[in-house]
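Working through the structure, step by step
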Amino acid sequence: MPYSTADVLRDLSEVGVNAEHTWYGFSCRWTDKSGIVSAECGVEPDGSISLCVRGNDKNTHWFFRPTVREIAELIVAGHKHLVAGTCTTIVDALKRAHIESGPSETRSYRTLPGPA
């Protein structure tokens, strides 16, 4: 049985991530030392899944995975770093989880600078 958005929302809820279904996928919200941070997740034109996080640093952080299950695993791992205190912002926690997931041609991360 395919891993669905409902499965993602269940798994995120189980670890304490505030997430909800949207028409394009799902969204998440965290409160960390930088304030309230939101993220949106949806399907890209090539079929991959992207997580767009707008942190309070004015930058936009993009995480890409080939499947919704892998993006959920990234979010759960990042959230666990935030809760454990090993990272103080969700952006740093997601970056750390991304690095820990190891190199891959199908997993990527990039930051787009915000307005000056």
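Relevant structure appears above.
Below you will find a few notes about this structure. Keep in mind it's a predicted model, so treat the numbers as computed, not measured. (Residues numbered from 1 in each chain as written. Predicted model: local features only at pLDDT ≥ 70, side-chain atom pairs only at ≥ 80, totals over all residues. Heavy atoms only, no water.)

Details of the pairing of strand S4 (residues 49-54)
The side chains of a regular strand alternate between the sheet's two faces. By the criterion of burial, S4 is predominantly enclosed, with five of the six residues buried. As paired elements, strand S3 (residues 35-43) and S4 share six bridges and run antiparallel to each other. Looking at S4, one finds that Ala-39 is bridged to Val-53. Where S4 hands over to strand S5 (residues 60-65), the hairpin turn is made up of five residues, of which Lys-58 adopts a positive phi near 75°. (Buried < 20%, exposed > 50% of the residue type's maximum accessible area, 1.4 Å probe, protein only. Helix = DSSP H or I, 4+ residues; strand = E, 2+ residues; numbered from the N terminus. Pairing = 2+ DSSP bridges.)

Regarding the sheet that holds S3
Taken in spatial order, the six strands make up an open sheet running S1-S2-S3-S4-S5-S6, and their pairing is antiparallel. Sheet topology places strand S1 (18-22) and strand S6 (108-112) at the edges, where each strand pairs with a single neighbour. Recorded for the sheet is a direction-independent mean angle of 20° between the axes of neighbouring strands. One ladder, built from five bridges, connects S1 with strand S2 (residues 25-32); its direction is antiparallel. Paired with Ala-19 across the two strands is Cys-28, which belongs to S2. The strands that helix H2 (residues 68-84) touches are S2, S3, S4 and S5; relative to S2, the one it contacts most, it runs at about 10°. Contacts from helix H3 (residues 90-100) reach S2, S3, S4, S5 and S6, with the element oriented near 30° to S5. (Axes fitted to C-alpha atoms, helices over the stretch in contact; angles between N-to-C directions. Contact = heavy atoms within 4.5 Å.)

Some thoughts on the state of the cysteines
According to the stated counting rule, one finds zero disulfides in the structure shown. With no disulfide of its own, Cys-28 lies 7.3 Å from the sulfur of Cys-41, the closest cysteine sulfur. A relative accessible area of 3% means that Cys-41 is categorised as buried. (Disulfide = S-S within 2.5 Å.)

Purely geometric numbers; function is a separate question.
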